Amino acid sequence: MDRFEPNLRIPGPTGLPPSVREVGAHQMINHRGPEFAVMLERVLTGMKPFFGTTSDIAMVTTAGTGGLEAAVVNTLSPGDRVLGVSIGSFGDRFAKIARTYGADVTKLDVEWGQAADPAVLRAELQRESGYKAVLLTHNETSTAVMNPIPELAAVVHELAPDALILVDSVSGLGAVPFEMDAWGVDVVVTGSQKAWMSAPGLAMIAASPRAWAAMETATMPRFYLDLRAHRDSHAAGQTPWTPAVAVVYQVDEGIRLMQAEGAAGVFARHEACAAAARAGLVALGFELFADQRFASRTVTAARVPDDLDWKAFNGELKRRGLILAGGQGKLAGKIFRLGHLGSVTVEEILGAMSVLEFTSIGMGRAVRPGAAVAAAQVAALESFGVTAVAAVGAARA
Ligand code: PLP
C-alpha cells in the first residue's frame, strides 16, 4: 500500500491495483473495431467461472442499480406477482424497482442483521402461490450479511418451480464462490466497482436459458437496458450503445489478475480478510452487527457504541488515512462498515486495525496496543489453515 494513499475500506468502489489504474488511462479504441471485440470476448468468457454459468452474460454500461433494473424489466410484466425478500436496504431497493415498473410486489422483510431463513421462505411460498419471480440479495452490503442462496433457491424450486430467481450479487460475485447453474439461479447481477477491482460504470448480468426465454414475452418497458440487444450485439463483438471503454479495459485487467491468483486463492484471501476484520474489531471492543453465522466475506459492520463520539472518531480515522463507511438508511449513525473486497490484502486490514487502535487509544478507550492487530493476524493465519500456535512456533524456530 502506498503510504501516501488512504486505505479505502468502504464496500466499493474499491481501490484499484496499479496495473488496473494504468490500463484505465490507455488511449481510446474504436469500440466497433476488432480490438474491442477481442477484449469483450475475453471479459465475458473470463467472468463465466465466477458466475458459475455457461449461459450468456450481458455487459451494460450502468451502475449496479441499473443492473438490478435490467433484471426486473427484462423478465417481468406489469401486474406480475413478485416476492421481494429483503434483509436490508439493497433488498428494499430491488423490490422498489419491481414496484416502480408495475409488478405486484409482496415483501418478505427480515430483521436487519439476519439472513433470510429458508424455513420462513418455505412458509411464505406455501401460503401464497403464483409468484412469477423471487428477488434475493446475495450479499447485503448495508448490513454485512450474506444470504444462503443455494438453500433459498432450493425452496423456490420445490414450492414455486415456475418462479424466476433474480439475485443481486453486486457486492458478492467474484469474491466468494457462486454457482448460478448448479443452484438454479435465473439472473445474477454484479458491478465493476466491487470484486472486479475496477472503477464504477459496468454492470454484468448473467441470465439462465429460462430467463432469456422469459425476455421474449415480458412486457415491462425497456430500451437502453434491453438485455437481448446487448446479447445480440456481444455476439458481434460489440455493445449496442457506446460502452465505458476505460472501465472495460480495467475489468479486463482485473479478471487477468484474478485468473493469475486463481479463483480459490481469491476466495481464500477474501475469507482471511473478513476473519481478520471481524477479530480485530471485536478485540477493539466493538460489537459486530450481523448474525455471525451469516457474516459477509466482503464487508463487516459493527455497532457504534453509545459512549463513542462517532463523528470525532471517524474524523481522526480519516486524518490517519483510514476511510470507513457509515450506516445506510435506518442504520445511519448506528453502525460503521469496513469493506474488504476486490483489491484487498490481509496487510491492508492489519493496517486498518492499527489505525483503529491508535485512534481508540488516543481517544482514551481501553484498548491494549497491538491487541487488534494481533487478533486480526491470528484470525487471518487460522483462516489460511495455519494455527496460531504453529505460527508462533515457526516464528521462534
Ligand atoms: N446491491 C448491492 C448489494 C450493493 O452493494 C450495491 C452498491 O453498493 C448496489 C446494489 C447498487 O450498486 P450501485 O451503487 O452501483 O448502483
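See the structure shown above.
The numbers attached to residues start from 1 for each chain and follow its sequence in the written order. Only residues with pLDDT of 70 or above have their local features reported here, since the model is predicted, and side-chain atom pairs are shown and tallied only from 80 upward, although totals for entire chains, interfaces and linings are computed over all residues. Side-chain figures throughout are based on the complete set of non-hydrogen atoms in the structure, without hydrogens or water.

1. Describing empty space enclosed by the protein
To keep things clear, this is the line we draw: Think of a 1 Å grid over just the protein atoms. A cavity is a set of points where a 1.4 Å probe fits yet cannot get out, a pocket is an open set with protein on both sides within 12 Å along at least five of seven lines, and lining residues have an atom within 4 Å of a point. Grid points are joined across faces, edges and corners, and a volume is the space filled by probe spheres set on the points. Put simply, DSSP marks the helices as runs of H or I at least four residues long and the strands as runs of E at least two long, and each gets a number from the N terminus on. For this classification, Asp, Glu, Lys and Arg are treated as charged, while Ala, Val, Leu, Ile, Met, Phe, Trp, Tyr, Cys and Pro are nonpolar and the rest, including Gly, are polar.
Applying the stated criterion to the full structure yields 2 cavities of 30 Å³ or more. Size it by volume and the largest cavity reaches roughly 50 Å³. As for the largest cavity, its lining consists of M59, V60, T61, L202, Y224, H230, T239, P240, W241, T242 and P243. Here the element with the most residues in the lining of the largest cavity is strand β2 (residues 57-61); it accounts for 3 residues. For the lining of the largest cavity, the class distribution of residues is 7 nonpolar, 4 polar and no charged. If you add up the space inside the second largest cavity, you get close to 40 Å³. If you tally residues by element for the lining of the second largest cavity, the top one is strand β11 (residues 299-303), at 3 residues.

2. Considerations on the site of the ligand
Threshold: One heavy atom suffices: a residue is near a molecule or strand as soon as one of its heavy atoms comes within 4 Å of it. A 3.5 Å cut-off defines polar contacts: any pair of N or O atoms within that distance qualifies, except that in protein one atom must be a possible hydrogen donor and the other a possible acceptor, and neighbouring residues in sequence count only when both atoms are side-chain atoms. Method for areas: the Shrake-Rupley scheme with a 1.4 Å probe, in which residue coverage is limited to the protein chains shown.
Lining the immediate surroundings of the ligand are A63, G64, T65, F90, R93, N139, T141, D168, V170, S171, Q193 and K194. One nitrogen or oxygen atom from the side chain of D168 is found 2.6 Å from a nitrogen atom belonging to the ligand. Its free accessible area being 390 Å², the ligand has 86% of it covered by the protein chains. Elements with a contribution of two residues or more to the shell around the ligand: α3 (64-75) and α4 (89-100). A breakdown of the residues in the shell around the ligand according to their chemical character gives 3 nonpolar, 6 polar and 3 charged.

3. What to know about the sheet that holds strand β13 (residues 325-326)
We apply this condition: For two strands to be treated as a pair, DSSP must find at least two bridges joining them.
Reading across the sheet, the 3 strands line up as β11-β14-β13 and stay open at both edges, with antiparallel pairing between neighbours. Edge positions in the open sheet fall to β11 and β13, since each of these has one partner strand only. The pairing of β11 with strand β14 (residues 335-339) spans 5 bridges and is antiparallel. Bridge pairing in β14 links T300 to L338.

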